[in-house]
Amino acid sequence: MGLIKKPSELEIKSNLTALIYGQPGIGKTTLGCSAPNAVLFDYDGGVQRINGAHQVPTVQIRSWEDTGEALKELEQMPEIETILIDTVGKMLDFMSKHIIDNDSKQAKRDGSLSLQGYGARKMMFISFIKQVSMMGKNIIFIAHEREEKRKEEIVKRPEIGGSSANDLIKELDLVGYMQAIGKERTLTFDPTEEYYAKNTCNLPTVIKLPTVVDNTGIATGENNFFNSIFDAYKKQQKNNIERTSEFEDLIYMIKEDINDVSRLEEINELTKKFYGFQHIYNSKIIAAKLLNEKAKSLGFVLNKATKQYEAA
């Protein structure tokens, strides 16, 4: 089989990349721990804030080298399906320190990264995402929110340093904003004028999150919310492939029908037939264009009033 494949022959992406952000203390990390067979990369030192009933295997990061060593271990642990990064902002801080420790020229006088240093960190960041993706594991980033002023509006976005926010969001399948509405916690993946988000699997506009820990700190439910998100994503991927296959079959049939006609009455019969199809994607536009090209080649023109072809 060749390297070039039809859209319906493409492999379904098996892993999910997501970002959850919101105000501190709202339960973002606990929500992330609900992902299938997760391991937590704790850059923020916050693992102890998670209720003991919902903690997962954890790597307590002390240096960027710990990240590399942990990834090597995970290559031998197929049972681990998800890597949880808490928080992505702190992870970038560890990257920055590693870059400066190894090359002081990458830093400015005040100790922050130079422009060249930010470029190096960007490459490290993208390399990290690709490495995890190649391992076939899901990855969920946790971030705090920050406010950004746009003219007269305030927009909430993930607290990620420099241009890394844009680099990250480009690589992600889902970006969810977590907030409290009254006593309820909600999650949305639909972008609005008020906050950044990204929804690639048609999830509901606002999802009410289950209560897994009560006000006294007692675990009251199973922490498995993200399983439903992953299932919805995989279902959407499967549906897209099936729909694309149906589209390709329909276009093939349309082309075959058009190739077989040569008389005016056949052209008009085909026009009527195509109107009756259950079209997929832009198949109706493609059918009309191909049919019109064939009609013109035979010396026929479309009467827009009757929607029938006539002799030129």
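Look up: the structure comes first, before these words.
Residues numbered from 1 in each chain as written. Predicted model: local features only at pLDDT ≥ 70, side-chain atom pairs only at ≥ 80, totals over all residues. Heavy atoms only, no water.

Student: How do you make sense of the pairing of strand S5 (residues 138-150) when you look at a structure like this?
Tutor: Sheet faces and side chains relate simply in a regular strand, where the side chains alternate between the two faces. Relative to S5, strand S1 (residues 17-22) is paired through six bridges, and the arrangement is parallel. Within S5, the position partnered with Ile-20 by the bridge is Ile-142. Across five bridges, strand S4 (residues 82-86) lies against S5 in parallel orientation. Considered in S5, the bridge of Ile-83 is made with Ile-139. Looking at chain direction, S5 and strand S6 (residues 153-158) are connected through six bridges and run antiparallel. By the bridge assignment, Glu-148 is partnered in S6 with Val-155. (Pairing = 2+ DSSP bridges. Helix = DSSP H or I, 4+ residues; strand = E, 2+ residues; numbered from the N terminus.)

Student: Would you explain helix H7 (residues 264-275) in this entry?
Tutor: An α-helix turns once every 3.6 residues. As a result, residues three or four positions apart point the same way. The end-to-end C-alpha separation of H7 is 17 Å, in line with the 16 Å expected for 12 residues at 1.5 Å each. Where H7 is concerned, the buried positions are Ile-267, Asn-268, Leu-270, Thr-271 and Phe-274. Down the axis of H7, the smallest arc covering the buried residues is 155°, so these residues share one side. Here the buried face of H7 lies against helix H6 (225-260), helix H8 (283-297), strand S11 (300-303) and strand S12 (308-311). (Expected span 1.5 Å × (residues − 1). Buried < 20%, exposed > 50% of the residue type's maximum accessible area, 1.4 Å probe, protein only. Arc of directions from axis to C-beta. Contact = heavy atoms within 4.5 Å.)

Student: Help me out: how do you make sense of empty space enclosed by the protein in this one?
Tutor: By rolling a water-sized probe across the atoms, one finds the places where empty space is left. For the structure on display, the rule yields one cavity of 30 Å³ or more. Roughly 50 Å³ of internal volume is contained in the largest cavity. If you trace the largest cavity, you find it lined by Gly-27, Thr-30, Leu-31, Arg-185, Leu-209, Pro-210, Val-212, Asn-223 and Phe-225. Counted by class, the lining of the largest cavity contains five nonpolar, three polar and one charged residues. (1 Å grid on protein atoms, 1.4 Å probe; cavity = no way out; pocket = protein on both sides within 12 Å on 5 of 7 lines; lining within 4 Å. Points joined across faces, edges and corners; volume = space filled by probe spheres on them. Nonpolar A, V, L, I, M, F, W, Y, C, P; charged D, E, K, R; others polar.)

Student: Please clarify how the nonpolar core should be interpreted in this entry.
Tutor: Nonpolar side chains in soluble globular proteins tend to be buried together. Formed by 33 residues in total, the largest nonpolar core has its most connected members in Phe-41, Ile-85, Met-91, Phe-125, Phe-128, Phe-141 and Leu-168. The element contributing the most residues to this core is helix H3 (residues 88-102), with five residues. Within the second largest apolar cluster, 28 residues are counted, among which are Ile-26, Cys-33, Leu-203 and Phe-225. (Core = buried A, V, L, I, M, F, W, Y, C linked by side-chain atoms within 4.5 Å.)

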